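Okay, here's what each chain looks like letter by letter:
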Amino acid sequence: MPRAARLHSSVSEELEVIAPSKLAIENVSKSFQSASGTVLALDRVSLDVAEGEFVCLVGASGCGKSTLLNIIAGLEKPDSGTLRADGKPVTGPGRERLVMFQEPALFPWLDVFGNILFGLKLKPNLTRSDRRDVAKYYLELVGLSRFEHANIHELSGGMKQRVSLARALAPNPRVLLMDEPFAALDALTREQLYGDIQEIWEARRKTIVFVTHNVREAACLGDRVLLFSPHPGRIHEEFPVKLPRPRDINSVDLAAYATRITKALKSLGQTAAG
Amino acid sequence: MKRFLLASAFFAVLLLLWEAAFRAKLWSPVLLPSPWQVASYLKNAALDGTLAKATVITMRRLLIGYFIGLVVGLPLGLLTARWKLFGDTIGTMALGLQTLPSVCWVPLALLWFGQTEAAMLFVVVMGTLWSVVIATETGVRNVPPIYRRAALTMGSKRLHMWFKVILPAALPFIVSGMKQGWAFAWRSLMAAEIFVTILTGFGLGQLLHYGRELSAMDQVIAIMLVIVVIGLLADKIFFSPIERFLHHRWGTSQA
């Protein structure tokens, strides 16, 4: 990496590609109280995610896939079951597992650069100039170097999500959790980001858990697509996607996968309705 | 520039109308002095130092009271937003007391503290405090939960969370509360100075009061003008730049 070579040692250490995490989720259950009674959002869900794997969770809204993501992030606690990252139990949120949300959760009181620095400032053993170099590197990675000092409201939806991605990548987490990050974007911007996220995933080697209700998107990005069934939330079926990367969302092979998954999703809807 | 000229023309016309009303002797000159009489009072008061002294005394009272109001109000607002117990008790009390026009504190302050500096300070603090508490509470309650969640995953907690996430996110509300608090403090201080006649220092309100006692209408009008100008300056010098910054950063439209 020519850029990394120019940087001094502690920064290049910080930018070093680190080992992605292995996730082990075992029998995780979670229920919520709602007006109509207790809703079982997750019912004894078990899932292993390999190091550096890209896993997509799909399902109808309310099937518990976002709940599972929040539990992996440590933002919510399961009622029962265990969650381990690299063998260690997850007890709360931490910068090893960073989240990219559907709405850009960027901070409007900071500019683009300030947002990317936010997580870095919470990381020990980095000097001021280290942090700036690292932030610049990720800003370049998402192609927004020119917008370093832009205010958040001046960015388009796609640019906001790029900044969110850079902010989530900057502290060099082992796991990246993405909760429908492209759902609010237009089709063209989305397609561009599918390319970018695959490229970045290749370059930075992260374990990614990606939640979406867009089947094609899931087939395009995931090594594996897990189909969730609602009420109670369970993993219904698993679809390994064996296509070379980078994948094009419009390719015919991909469409075949998407059709299969969609069919399964639809039959689920029918059994639930019937 | 065009707007400035238009505004200047408007005020020039107002002055002309005033002068015309004076010359037409519509009212007794005791009740309506000419603009020149008011100007000459201002000039004399400025030259003999009366005006500067009164302004300094008034501003000192205002700033001390306002500062106390902020220092007490901000943490109280955070407490009421954070803990239900404080919200149900102090929050409810703040909501009630905020609706009380601050001049209503004057009789109580007079009875408790007598004709003293403390009485005036008390009124100013009461004028400031409750709107700061309520604005801070509203601001903190309106922080989108997603900011907290995002910050949590990046390792922010406790004090860092309060100072680097919650407070900055609530800033637009807090600033508008500070501005309202300032306006209330200013009004309540004038009320207090008019009613509290003490010998520890004549503020602008007291000059106004004695202008009335002496039927010196030029003094009354001149001091009112000074009070208006100070209010405007505080807004332009202190609050406008902060509000401009907030509009710029948040992208909210500038009204």
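The rules behind these values
Residues numbered from 1 in each chain as written. Chains lettered and ligands numbered in written order. Predicted model: local features only at pLDDT ≥ 70, side-chain atom pairs only at ≥ 80, totals over all residues. Heavy atoms only, no water. Helix = DSSP H or I, 4+ residues; strand = E, 2+ residues; numbered from the N terminus. Contact = heavy atoms within 4.5 Å. Areas by Shrake-Rupley, 256 points an atom, 1.4 Å probe, with all protein chains shown as cover. Lys, Arg positive; Asp, Glu negative; His and termini not counted. Charge placed at Lys NZ, Arg CZ, Asp CG, Glu CD. Pairing = 2+ DSSP bridges. Axes fitted to C-alpha atoms, helices over the stretch in contact; angles between N-to-C directions. Patch = residues over 30% accessible without salt bridge, like charges linked within 9 Å, V, L, I, M, F, W, Y side chains within 5 Å. Salt bridge = Lys/Arg side-chain N within 4 Å of Asp/Glu carboxyl O. Parallel < 35°, antiparallel > 145°, perpendicular 65-115°, else oblique. Nonpolar A, V, L, I, M, F, W, Y, C, P; charged D, E, K, R; others polar. Left-handed = near helix turned anticlockwise from the far one by under 90°.

Draft legend 1. Looking closely at the overall build of chain B. Broken down by element type, chain B carries ten helices and zero strands. When the helices and strands of chain B are placed in sequence order, the string is α-α-α-α-α-α-α-α-α-α. When contacts within chain B are restricted to residue pairs at least 6 apart in sequence, long-range pairs at least 24 apart make up 70% of them. Summed over its atoms, the accessible surface of chain B is roughly 14,300 Å², and 73% of this surface lies on carbon and sulfur atoms. Each charge sign in chain B was given a centre, from 22 positive and 10 negative side chains, and these centres are 14 Å apart.

Draft legend 2. Structural context of the sheet that holds strand β5 (residues 88-89) of chain A. Residues and elements named next belong to chain A. Pairing within the open sheet is antiparallel, and its four strands lie in the order β2-β1-β4-β5. Strands with a single pairing partner mark the edges of an open sheet, and in this sheet they are β2 (37-49) and β5. When strand β1 (residues 23-34) meets β2, the two strands line up antiparallel, connected through nine bridges. Considered in β2, the bridge of lysine 30 is made with leucine 42. In this fold helix α3 (residues 65-73) packs onto β1, β2 and β4 (80-85), with an angle of close to 120 degrees to the strand it touches most, β1.

Draft legend 3. Seen up close, a nonpolar patch on the surface. A surface patch of nonpolar side chains, amounting to about 520 Å² of accessible area, comprises Phe10(B), Phe11(B), Val13(B), Leu14(B) and Leu17(B). With respect to the element layout, Leu14(B) can be found in helix α1 (residues 2-23).

Draft legend 4. How the structure looks around the packing of helix α3 (residues 50-82) of chain B against helix α4 (residues 84-98) of chain B. Residue and element names in this part refer to chain B. Taken N-terminus to C-terminus, the directions of α3 and α4 make an angle of 120 degrees; their axes are 5 Å apart at the nearest point. If you check the angle between α3 and α4, you find them oblique. Residue-level contacts link Leu76, Leu79, Thr80 and Arg82 of α3 to Lys84, Phe86, Gly87, Ile90 and Gly91 of α4. Of the residues contributing to the contact of α3 with α4, the split by class is four nonpolar, three polar and two charged.

Draft legend 5. Representation of the packing of helix α5 (residues 105-113) of chain B against helix α6 (residues 117-141) of chain B within the structure. Residue and element names in this part refer to chain B. Taken N-terminus to C-terminus, the directions of α5 and α6 make an angle of 140 degrees; their axes are 9 Å apart at the nearest point. Looking at the two axes, α5 sits oblique to α6. For the pair α5 and α6, the crossing hand works out as right-handed. Taking contact as the criterion, the partners of Trp105, Val106, Leu108, Ala109, Trp112 and Phe113 in α5 are, on α6, Ala118, Ala119, Phe122, Val123, Met126 and Trp130.

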